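Okay, here's what each chain looks like letter by letter:
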Amino acid sequence: MNAEGTRKVLIVDDEPDIRELLALTLSRMKLDSSGAETIQEAKALLGSGRFDLCLTDMRLPDGSGIELVRHMQENYPTIPVAMITAHGNMSSAIEALKAGAFDFLNKPVELQTLRDLVATALRLNEKRAESAVAQNGMQLLGQSKGIENIRRMTRKLARSQAPVYISGESGTGKELVARLIHAQGPRAEMPFVAVNCGAIPADLMESELFGHKKGSFTGAGSDKDGLFQAAHRGTLFLDEVADLPLDMQVKLLRAIQEKAVRPVGAQMETHIDVRILSATHRDLATLVREGRFREDLFYRINVIELNIPPLRERPEDIPLLVEHFTQRLANEMGIRQPTLSEAAQAALARYPFPGNVRELENILERAMTLCDDEVIDEGDLHLNGGNNAHAAAGAEGGSVEQLGLEAYLEGIERDLILKALEKTGQNKTAAARRLGVSFRALRYRLKKLGLE
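What you see is a predicted model; the values in this text were computed from it and never measured.

K.L.:
I'm lost on empty space enclosed by the protein in this one. Help?
P.N.:
Empty space among the atoms becomes visible once a probe the size of a water molecule is rolled across them. Applying the stated rule across the entire model yields 3 cavities of 30 Å³ or more. Approximately 260 Å³ is the volume found for the largest cavity. Among the elements of the structure, β7 (103–106), α5 (111–124), α11 (246–258) and β13 (275–280) are those that each provide at least two residues to the lining of the largest cavity. When residues of the lining of the largest cavity are assigned to their parent elements, the largest contribution, 4 residues, is made by α5. Grouping the constituent residues of the lining of the largest cavity by class yields 12 nonpolar, 4 polar and 7 charged.

K.L.:
Help me understand helix α1 (residues 16–28) in this model?
P.N.:
Within an α-helix, residues lying three or four positions from one another point in the same direction, as the helix has 3.6 residues per turn. The end-to-end C-alpha distance of α1 is 18 Å, a good match for the 18 Å that 13 residues give at a rise of 1.5 Å each. Residues of α1 that are buried sit in contact with β1 (8–12), β2 (32–36), β3 (53–57), β6 (81–85) and α5. Positive phi shows up at Lys30, right after α1, with a value of about 65°.

K.L.:
Please clarify how the packing of helix α14 (residues 318–333) against helix α16 (residues 356–370) should be interpreted in this entry.
P.N.:
Two quantities define a packed helix pair, namely the angle between the axes and the distance from one axis to the other. Relative to each other, α14 and α16 sit at 45°, their axes nearing to 10 Å. If you check the angle between α14 and α16, you find them oblique. Crossing handedness for the pair α14 and α16: right-handed. Residue-level contacts link Leu321, Val322, Phe325, Thr326, Arg328, Leu329, Ala330 and Met333 of α14 to Val357, Leu360, Glu361, Leu364, Glu365, Met368 and Thr369 of α16. Class assignment of the residues belonging to the contact of α14 with α16 gives a composition of 10 nonpolar, 2 polar and 3 charged.

K.L.:
Before we go on, may I ask you to explain the sheet that holds β13 in this structure?
P.N.:
For sheets, the rule is that strands pair by backbone hydrogen bonds, running either parallel or antiparallel. As summarised here, the arrangement of the 5 strands in space is β9-β10-β13-β8-β14, forming an open sheet in which the pairing is parallel. Unpaired on one side and paired on the other, β9 (192–196) and β14 (304–307) mark the two borders of the sheet. Between one strand and the next, the sheet's axes are offset by a mean angle of 20°, whatever the strand orientation. Its contacts with the sheet put helix α7 (residues 145–158) on β8 (164–167), β13 and β14, and the angle it makes with β14 is roughly 155°.

K.L.:
Looking at this structure, how should I read the packing of α14 against helix α22 (residues 439–448)?
P.N.:
Packing of α14 against α22 brings their axes to within 9 Å, and their N-to-C directions diverge by 95°. As far as their axial angle goes, α22 and α14 are roughly perpendicular. Only Arg440, Ala441 and Tyr444 of α22 make contact with α14, whose side of the interface consists of Leu329, Glu332 and Met333.

K.L.:
Would you take a moment to explain unusual backbone geometry for this structure?
P.N.:
In this structure, the amide linkage connecting Lys107 to the following residue, Pro108, adopts the cis form with an omega of -10°. Note that Pro108 resides in the loop between β7 and α5. Of note, the phi angle at Glu240 is positive, near 50°, even though the residue is not glycine. Locating Glu240 in the fold gives a position in the loop between β10 (235–239) and α11. We note that Phe353 has phi near 50°; this positive angle belongs to a residue other than glycine. Using a relative accessible area of 0% as the deciding quantity, one classes Phe353 as buried.

K.L.:
Is there a simple way to explain the pattern of salt bridges in this structure?
P.N.:
Pairs can form between side chains of opposite charge once their charged atoms are near each other. For the structure shown, the criterion picks out 26 salt bridges. Close ionic contact of Lys43 with Glu67 constitutes a salt bridge, the shortest N to O distance being 3.4 Å. Highlighted residues: Lys43 in helix α2 (residues 39–48) and Glu67 in helix α3 (residues 65–75), separated in sequence by 24 residues. According to the relative accessible area criterion, Lys43 is partly exposed, its value standing at 23%. By relative accessible area, Glu67 is classed as partly exposed at 35%. Linking Arg292 and Glu290 is a salt bridge whose minimum nitrogen-to-oxygen distance equals 2.5 Å. Linked by salt bridges that have partners in common, Asp13, Glu15, Asp57 and Lys107 make up one network.

What counts and how
Residues numbered from 1 in each chain as written. Predicted model: local features only at pLDDT ≥ 70, side-chain atom pairs only at ≥ 80, totals over all residues. Heavy atoms only, no water. 1 Å grid on protein atoms, 1.4 Å probe; cavity = no way out; pocket = protein on both sides within 12 Å on 5 of 7 lines; lining within 4 Å. Points joined across faces, edges and corners; volume = space filled by probe spheres on them. Helix = DSSP H or I, 4+ residues; strand = E, 2+ residues; numbered from the N terminus. Nonpolar A, V, L, I, M, F, W, Y, C, P; charged D, E, K, R; others polar. Expected span 1.5 Å × (residues − 1). Contact = heavy atoms within 4.5 Å. Axes fitted to C-alpha atoms, helices over the stretch in contact; angles between N-to-C directions. Parallel < 35°, antiparallel > 145°, perpendicular 65-115°, else oblique. Left-handed = near helix turned anticlockwise from the far one by under 90°. Pairing = 2+ DSSP bridges. Buried < 20%, exposed > 50% of the residue type's maximum accessible area, 1.4 Å probe, protein only. Salt bridge = Lys/Arg side-chain N within 4 Å of Asp/Glu carboxyl O.

Dropping the structure here:
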């Protein structure tokens, strides 16, 4: 911000008409601008003035705009820089994002897209990342090197608009990481929309993502916005993106590249401004090789990959997670926070946690519901080295993975509670006594399992 308090943008392009168009648009946004034709001129201006944003062309007389991006990353890391690329040249845009560019613009520059980009970039310096995360009550718990690295990367990635692909096993906390990236960035006050791509029926997927017009198909009684429109100016998190059918992958790729969507039955595209974060527990690179996931979409969403380590690779984080989950669950159940015996702690330290953090939470929730007193012992955890779950699943003709670990564990609890209620003539007080839990704990479990 300059002495008068007006924000200032550096425009780097060797075409005078482009510089003039950009400067005019920025002035209407009450922003000052300075122009440079070359990388050397831009470096000189950066050294002599205070800028809040830089817009640079990819091709400049004395080199590539990528060189300027790298120079700014090294010397002016707090100034976001956006790359202007030739229309359809996504390889250049991806190269710029990997080099540290905040975002990119296609030529010819769409003025609404430019205004959205500038507004988002200028909000970046206004954000207080730590307070934003605290206000949302989100925590990535752990003190292992792996988790420290994830925390550091979420802060860094929050300053960019580059698509991020979050990989990791089921239950590692991929959606939480996506929410942290959103909460620490310039879109924090805007919507965060999470969608499980595997949970949408194939015939409804296009309508759910892009919306539809009234009468476009049977049952379309009115116009409806899709999830892209719901996430406008915010973040769209595509969980289990590997489950998208191939025909929808083509449409998703176009929406991301063109920054526009066409609702089902519409003649015109609708401009959208969203940041895309995606995740899956499957190996996307393998799916690409097998022809089950489009290579062009893979490289478009996988500009930056963030891999979340499984819980078995960071056992030092287990005590912290146990403390957090038992405290929260005790508050929800209205009971005193239990402690874990040394044997129980040792058992958790040995357990491989195929379901990761989510499985740990379920194990503790079940143990707190069914244990006899305020001390959780090894037997209350029902671990058995993980063999009991796999054996039971095998007897039912399916694996834990096929059944869904969470649903499987809930099934065990449901059976125990229903049997207790049956034997006590549906007397909840007596059933709670028989199960060795408080009446409050039983009411909590009944509500969660949909039995009340």
